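Residue-level structure breakdown
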Amino acid sequence: MNTDPARVRLYPVIKAVRGTRDLFGEELGYKRWIEAAAGQVLEAAGAQEIETPILEEAPVFEKGVGPTSDVVQKEMYAFTDRGGRRLVLRPEGTAGVMRAFLEHGMKVRPAPVKLYYRGPMFRAERPQKGRYRQFYQVGYEAVGLSEPAVDAEAIALLVDLMKALGLQRFVLKLGTVGDPEDRRRYNAYLREVLLPHREALSEDSRVRLERNPLRILDSKDRGDQEVLARAGVRPLFDFLSEAAKAHYRAVKGALKALGVAFEEDPRLVRGLDYYVRTAFEIHHPDLGAQAALGGGGRYDGLTALLGGPSLPGVGWAVGTDRVILALKAEAIPAPPGPAPLLYLVPLDAEAVVEALVLAESLRPRLPVELAYTPRKPGKGIREAERRGARYVGFLGEGERARGTISVKDLVTGEQQELPREKLGSWLEAL
Ligand code: AMP
């Protein structure tokens, strides 16, 4: 397909919805590669793939992700269907996976139950580079154990995935958001120290001051960040329980033993409410404002919010679209798209069906394409080159009489005539 805008006449008919885009060619090649690499890395650690529906009942996220999160407050594509059900196009993967975990009684499996998923997510955000309304994630969840080693393993697997793709310039940030009681104490403290600065905060952060002051730390607003600096806000870490601090130390110790490099970020606040204790993000320096390639953390108790027993869990999600941007920034090429090994060129009308029959006899073992009307050899060669074929095969009157095909190697320029029935084994032997 020719996608060069200078050569394609674009008709302004119906376009993809704002914030969504069509994936094909190189872009889709990257995406499939990332997903395949994730499958390899995660299955080697015992994870099983799970595919949950894109449509979920709204409470899965209202309860799961949390009613004060930006995702639920402002970014969900929610609607009422014809049956009066409140449905949502999923904005993230974890809550739906945990809903499925409970629905199918996966708790009886040996812990931790490791699951991974991939697929589209939807958020009504302002589209920009690296931020879309339909975007793609690959995610991993390990449910059932609260041991810090499970956190460290999850983080190591995320780093393994980055490395499997050949990425080098990423940074792993590690922090801890404590337990809910720690955060309640910290939120009370934040309210106290920030209240005198209320007027200097952004409108969003004034709302956050009431609902969930911790979120203000995550604000992108310059003014908010100045207020935080001026107020000399102490880090959340100072408010953690001994148990939460010990957990954090154990995660760090395990990461060091694994040789996983990380930067501690005491200000790391994840956008979703369900995280406890461990929080982490992978950033890429070349991605500008949307620098987070992925992130995750521990989410003990999420299952209880969804109406099940309270189970510990830890996981992460990677933004496939942003990983693609990072791969491009590091000049890591997409895997080559499909190209024929052989391009068949009929030199007369009778040879068209001969070429088709020959192509079908070689497929699917060998990728073969053909021209469907007679061609002059020169034109046939140019077409073969445009399709990325290595060999071009000519079928004309002489070849028909002798039961052969003339094969030209487009790299070396060598040409030879082979019996047709030998063509397949000859190509395979190469
Ligand atoms: P989150 O579920 O918010 O923790 O996001 C995990 C990862 O998904 C982020 O680090 C991004 O790489 C990616 N992501 C989140 N929102 C978007 C978006 N609107 N467009 C593209 N990627 C996104």
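Residues numbered from 1 in each chain as written. Predicted model: local features only at pLDDT ≥ 70, side-chain atom pairs only at ≥ 80, totals over all residues. Heavy atoms only, no water.

Quick notes on the layout of surface pockets
Stated formally: For cavity detection a 1 Å grid was placed over the protein atoms alone, and a set of points counts as a cavity when a 1.4 Å probe fits there but cannot get out; an open set counts as a pocket when protein lies on both sides within 12 Å along at least five of seven lines, with lining residues being those that have an atom within 4 Å of a point. Grid points are joined across faces, edges and corners, and a volume is the space filled by probe spheres set on the points. Put simply, DSSP H or I for four residues or longer makes a helix, DSSP E for two residues or longer makes a strand, and each gets a number counted from the N terminus.
Space inside the second largest pocket adds up to approximately 500 Å³. In this structure, the second largest pocket is lined by 27 residues; those nearest its centre are Pro180, Arg183, Asp273, Tyr274 and Tyr275. Elements represented by at least two residues in the lining of the second largest pocket include exactly helix H2 (58–64), helix H6 (180–194) and helix H10 (302–305). Here the lining of the second largest pocket takes 4 residues from H6, the largest share from any one element.

Concerning the sheet that holds strand E8 (residues 263–264)
Applicable threshold: Strand pairing requires that DSSP identify at least two bridges connecting the strands.
Read from one edge to the other, the open sheet built from 8 strands follows the order E1-E5-E6-E11-E10-E9-E7-E8, with strand pairing classed as mixed. Lying at the two open borders of the sheet, with one neighbouring strand each, are strand E1 (48–49) and E8. Where strand E7 (residues 171–176) meets strand E9 (residues 276–283), 6 bridges bridge the pair, whose relative direction is antiparallel. Paired with valine 171 across the strands is histidine 283, a residue of E9.

Considering empty space enclosed by the protein
So the rule is basically this: Polar here means any residue outside two lists: the nonpolar Ala, Val, Leu, Ile, Met, Phe, Trp, Tyr, Cys and Pro, and the charged Asp, Glu, Lys and Arg; Gly therefore counts as polar.
Counted according to the given criterion, the structure contains 1 cavity of 30 Å³ or more. Of the volumes computed, that of the largest cavity is approximately 30 Å³. Along its surface, the largest cavity is lined by Thr176, Leu214, Leu217, Leu236, Pro266, Arg267, Leu268 and Val269. By residue class, the composition of the lining of the largest cavity is 6 nonpolar, 1 polar and 1 charged.

Here we look at unusual backbone geometry
Heads up, the rule is: Each residue is assigned to one of three classes by its accessible area relative to the maximum for its type, calculated with a 1.4 Å probe on protein chains only: buried under 20%, partly exposed between the two thresholds, exposed over 50%.
Each neighbour pair has its own omega, and for alanine 111 with proline 112 the value is -5°, a cis peptide bond. For the peptide bond that leads from arginine 363 to proline 364, omega is -5°, which places it in the cis range. Look at arginine 277: it is not a glycine, yet its phi comes out positive at around 55°. Secondary-structure assignment places arginine 277 in strand E9. For arginine 277, a relative accessible area of 17% corresponds to the buried category. Phi is positive for alanine 331, close to 55°, though the residue is something other than glycine. The topology assignment puts alanine 331 in the loop between helix H11 (320–329) and strand E12 (342–346). Among the residues examined, alanine 331 registers a relative accessible area of 65% and is labelled exposed.

Topic: the packing of helix H1 (residues 25–43) against H11
Convention followed: In this description, a line fitted to the C-alpha atoms serves as the axis of each element, helices being fitted only across the stretch in contact, and the angle between N-to-C directions of two axes falls anywhere from 0 to 180 degrees. Convention used here: angles under 35 degrees read as roughly parallel, angles over 145 as roughly antiparallel, angles from 65 to 115 as roughly perpendicular, and any remaining angle as oblique. By definition, residues are in contact when any of their heavy atoms lie within 4.5 Å.
Between H1 and H11, whose axes approach to 10 Å, the crossing angle comes to 110°. The angle between H1 and H11 places the two elements in the roughly perpendicular class. For the pair H1 and H11, contact is made by Glu26, Glu27, Tyr30, Lys31, Trp33 and Ile34 and by Thr320, Val323, Ile324, Leu327 and Lys328, respectively. Per-class residue counts for the contact of H1 with H11 are 6 nonpolar, 1 polar and 4 charged.

By themselves, these are just geometric observations and shouldn't be taken as functional.
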